[in-house]
Amino acid sequence: MGLPKISIRGVTKTFNVRDAGLGRPSEFTAVSDIDLDVAAGEFLTLVGPSGCGKSTLLDLVAGLSEPASGEILLDGKPITGPGLDRGIVFQQYALFPWRTARGNIEFGLEAAAGRLGLGRKERRARAAEFLDLVGLAAFADRYPHELSGGMRQRVAIARSLAFDPEVLLMDEPFAALDAQTRESLQEELLAIWQRTGKTVIFITHGIDEAVYLGQRVAIMTSRPGRIKEIVPIDFPSREGDLRADPRFGEYRHHIWSALRDEVAAAQAHEREAVTSHA
């Protein structure tokens, strides 16, 4: 096997938080001793109970935060901060309301202009290319408030892809959308991934979404988050209605069985926190 695209080695992340009961700072461990490799071109989905540190782990891979211990490598080199080799898509669209769909994508390209060597004309052409990729060529001049939630998320995905990152990090990007729009975007995202060959780490609360999108599903424990199990998802083909495949139900049942105790533990933590601060 070749070098993993992303290698997470013994990563722990702690925060200093104010203890509401004692009135003094205390240490909070979000994730603990995480070991995880992601292959180049892989689509990995990550599931776990609320508060288990999924987003914290994604922030660490993005370079938005530093681990307390351990290391994260990209192509064998330590991640020391944000970089244009990683694109990020959040649940909130984070689009500039004063820029059109095209303008939002061009903004990302302006930040990467030095690396890509793109002038204004080239940036405009590249923005048009990626708007077409996500099916929004006809909406280039619309402002975010003139677009539906699904369209705004398509723009966010196009912006993250346009500067050609090697890795796409996605933090519950479809969670706020209605079921039909969510399934439509899942299909589009798979098609984009197959066309571009990007390495994708995708966080979700939805087991169905994790099984549908992921080549592997990494299951995290309740707080502090650890990797409990990694489930390979093996369908003969990604064509057709995967959700109708009997294996889809089997994978879903397996993952929920592994998650059930973790969700219960997370809920117990929440009840304890409420009781102790009452």
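Everything that follows concerns the structure shown earlier in this document.
The rules we used
- Residues numbered from 1 in each chain as written.
- Predicted model: local features only at pLDDT ≥ 70, side-chain atom pairs only at ≥ 80, totals over all residues.
- Heavy atoms only, no water.
- Axes fitted to C-alpha atoms, helices over the stretch in contact; angles between N-to-C directions.
- Helix = DSSP H or I, 4+ residues; strand = E, 2+ residues; numbered from the N terminus.
- Parallel < 35°, antiparallel > 145°, perpendicular 65-115°, else oblique.
- Left-handed = near helix turned anticlockwise from the far one by under 90°.
- Contact = heavy atoms within 4.5 Å.
- Nonpolar A, V, L, I, M, F, W, Y, C, P; charged D, E, K, R; others polar.
- Pairing = 2+ DSSP bridges.
- Phe/Tyr/Trp six-rings, centres within 6.5 Å; stacked < 30°, edge-to-face > 60°.
- Lys NZ or Arg CZ within 6 Å of the ring centre and 35° of its normal.
- Buried < 20%, exposed > 50% of the residue type's maximum accessible area, 1.4 Å probe, protein only.
- Salt bridge = Lys/Arg side-chain N within 4 Å of Asp/Glu carboxyl O.
- Polar contact = N/O pair within 3.5 Å; in protein donor to acceptor, adjacent residues only side chain to side chain.

Asker: Explain the packing of helix H4 (residues 120–133) against helix H5 (residues 149–162) residue by residue, including any values.
Answerer: Where H4 contacts H5, the axes come no closer than 9 Å and their chain directions differ by 130°. One way to sum up the angle between H4 and H5 is to call them oblique. Seen along the crossing, H4 lies across H5 with a hand that is right-handed. Seen from H4, the contacting residues are Arg126, Phe130 and Leu133; seen from H5, they are Ala158, Leu161 and Ala162. Partitioning the contact of H4 with H5 into residue classes produces 5 nonpolar, no polar and 1 charged.

Asker: Report on the sheet that holds strand S8 (residues 199–203), specifying residues and quantitative values.
Answerer: Read across the sheet, 6 strands follow the order S6-S7-S8-S3-S9-S10 without closing on themselves; strand pairing throughout is mixed. Either end of the sheet is taken by a strand with one partner, and the two such strands are strand S6 (86–89) and strand S10 (227–232). Between one strand axis and the next, the sheet turns through 15° on average, direction left out of account. For strand S3 (residues 43–47) and S8, the ladder comprises 4 bridges, and the chain directions are parallel. By the bridge assignment, Phe43 is partnered in S8 with Val200. Its contacts with the sheet place helix H1 (residues 54–62) against S3, S6, strand S7 (167–171), S8 and strand S9 (216–220), and it is angled at close to 155° to S7. Sheet contacts for helix H6 (residues 179–196): S3, S7 and S8; angle to S3, the most-contacted strand, approximately 140°.

Asker: Now, about the packing of aromatic side chains: what can you tell me, with residues and values included?
Answerer: Taken as a whole and judged by the stated rule, the model has 7 aromatic pairs. Ring centres of Phe96 and Phe107 lie 4.6 Å apart, and the angle between their planes is 75°; on these two criteria the pair is classed as edge-to-face. One end of the pair, Phe96, is in the loop between S6 and helix H2 (101–111); the other, Phe107, is in helix H2, and 11 residues separate them in sequence. Counting every residue linked through ring pairs, the aromatic cluster contains Phe43, Phe174, Trp193 and Phe202. Just above the ring of Phe15 sits the side chain of Lys13; from NZ or CZ to the centre is 5.1 Å.

Asker: Got a sec to walk through the packing of H5 against H6? Specific residues and values, please.
Answerer: Taken N-terminus to C-terminus, the directions of H5 and H6 make an angle of 20°; their axes are 11 Å apart at the nearest point. On the basis of their axis angle, the class for H5 and H6 is roughly parallel. Crossing hand, H5 versus H6: right-handed. Each of Gly150, Gln153, Arg154 and Leu161 in H5 lies in contact with H6, whose residues at this interface are Thr181, Ser184, Leu185, Glu188 and Ile192. Each residue belonging to the contact of H5 with H6 can be placed in one class, and the counts come to 3 nonpolar, 4 polar and 2 charged.

Asker: Report on the pairing of S9, specifying residues and quantitative values.
Answerer: Counting buried positions along S9 gives 4 out of 5 residues, so the element sits mostly inside the fold. The pairing of S3 with S9 spans 4 bridges and is parallel. Each bridged residue has a counterpart across the sheet, and for Thr45 the counterpart in S9 is Val217. Sheet topology note: the S9/S10 ladder contains 5 bridges and is antiparallel. Directly across from Ile219, in S10, lies its bridge partner Glu229. The hairpin formed by S9 and S10 contains 6 residues between the paired strands.

Asker: Go over the pattern of salt bridges, please, and point to the residues and values.
Answerer: Tallying each qualifying case throughout the model produces 13 salt bridges. The shortest N-O distance in the salt bridge between Lys228 and Glu262 comes to 2.9 Å. Placement of the pair is Lys228 in strand S10 and Glu262 in helix H8 (residues 246–277), with a sequence separation of 34 residues. Glu262 gets classed as buried once you look at its relative accessible area, which sits at 11%. Through salt bridges with shared partners, a single ionic network connects Lys5, Asp75 and Glu166.

Asker: A description of the side chain of Thr221 should follow, citing residues and the corresponding values.
Answerer: Here Thr221 is to be found in the loop between S9 and S10. A polar atom in the side chain of Thr221 sits 3.3 Å from the backbone oxygen of Pro224. When neighbours within four sequence positions are excluded, Thr221 is seen to be in contact with Pro49, Cys52, Arg226, Lys228 and Glu262.

Asker: Which residues make up the environment of Ala127, and what values do they have?
Answerer: Examined against the element boundaries, Ala127 turns out to sit in helix H4. When its relative accessible area of 0% is taken as the criterion, Ala127 is described as buried. Separated by 25 residues in the primary sequence, Ala127 and Arg102 place their C-alpha atoms 5.9 Å from one another. In contact with Ala127, not counting residues within four places along its chain, are Arg102, Ile105, Glu106 and Leu109.

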